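Chain residues, written in single-letter form:
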Amino acid sequence: MSNRDVIEDLKGLVNILNDGKEGYMSASDVTKSIELRDLFLRFASQRIGYATELKSHIAMHGGDSENEQGGLLGALHRTWIDIKQALSSNEDEAILAAIETGEKAAIEKYDEILAEPDAHADHLELLQKQRTGILEALKEVETYRMRLER
């Protein structure tokens, strides 16, 4: 795998993280639950931190990532877009379900990149840590949604 490919992989993750940040920020704007708003803002902040970490690795590989919004990849098959539909309903369960879909897509993207450990050896630990954080967020969102369904 070339250095350019490594940079593109990391930029793809930054795009997904930015999609997640945007989704969480939008969700925090429409929920009426203070508890959910705090949860969404915490995860938005987490995504900002993850993107910053990846941008430093992109720079170490000679690339740059100025994107603060979602990516073209996200525009094509981003599942965070479902949040917009959920937001229009203002129902927390629908918002949480859409977020779950987005988090699962993010984990899949991490899994694709982690499947090539040799190409990403210098940031493998970081990618694994971030994937774990996203998985923990997903579990928290799923748990919260299940509580609302009762």
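Residues numbered from 1 in each chain as written. Predicted model: local features only at pLDDT ≥ 70, side-chain atom pairs only at ≥ 80, totals over all residues. Heavy atoms only, no water.

Could you give an account of the overall build of the protein, with specific residues and numbers?
Counting its secondary structure elements, the protein contains 6 helices and 0 strands. Walking the protein from its N terminus toward its C terminus, one meets helices and strands in the order α-α-α-α-α-α. The contacts in the protein between residues at least 6 apart in sequence include a share of 76% that link residues at least 24 apart. Accessible surface, the protein: about 7,800 Å² in total, of which carbon and sulfur atoms supply 50%. (Helix = DSSP H or I, 4+ residues; strand = E, 2+ residues; numbered from the N terminus. Contact = heavy atoms within 4.5 Å. Areas by Shrake-Rupley, 256 points an atom, 1.4 Å probe, with all protein chains shown as cover.)

Provide a residue-level description of the nonpolar core, including the pertinent values.
Formed by 21 residues in total, the largest nonpolar core has its most connected members in L10, L13, L17, L54, Y110, L127 and I134. Within the residue set of this core, elements represented by two or more residues are helix 1 (3–30), helix 2 (34–60), helix 5 (92–114) and helix 6 (124–149). The element best represented in this core is helix 1, accounting for 7 residues. Each residue touching L127, except ones within four places of it in the same chain, is listed here: L10, L13, L54, Y110, I113, L114 and H120. Listed in part, the 13 residues of the second largest apolar core include A27, L39, I95 and I99. (Core = buried A, V, L, I, M, F, W, Y, C linked by side-chain atoms within 4.5 Å. Buried < 20%, exposed > 50% of the residue type's maximum accessible area, 1.4 Å probe, protein only.)

Could you give me a rundown of the environment of D38, with the residues and numbers involved?
Summarising the element assignment, D38 is placed in helix 2. For D38, a relative accessible area of 48% corresponds to the partly exposed category.

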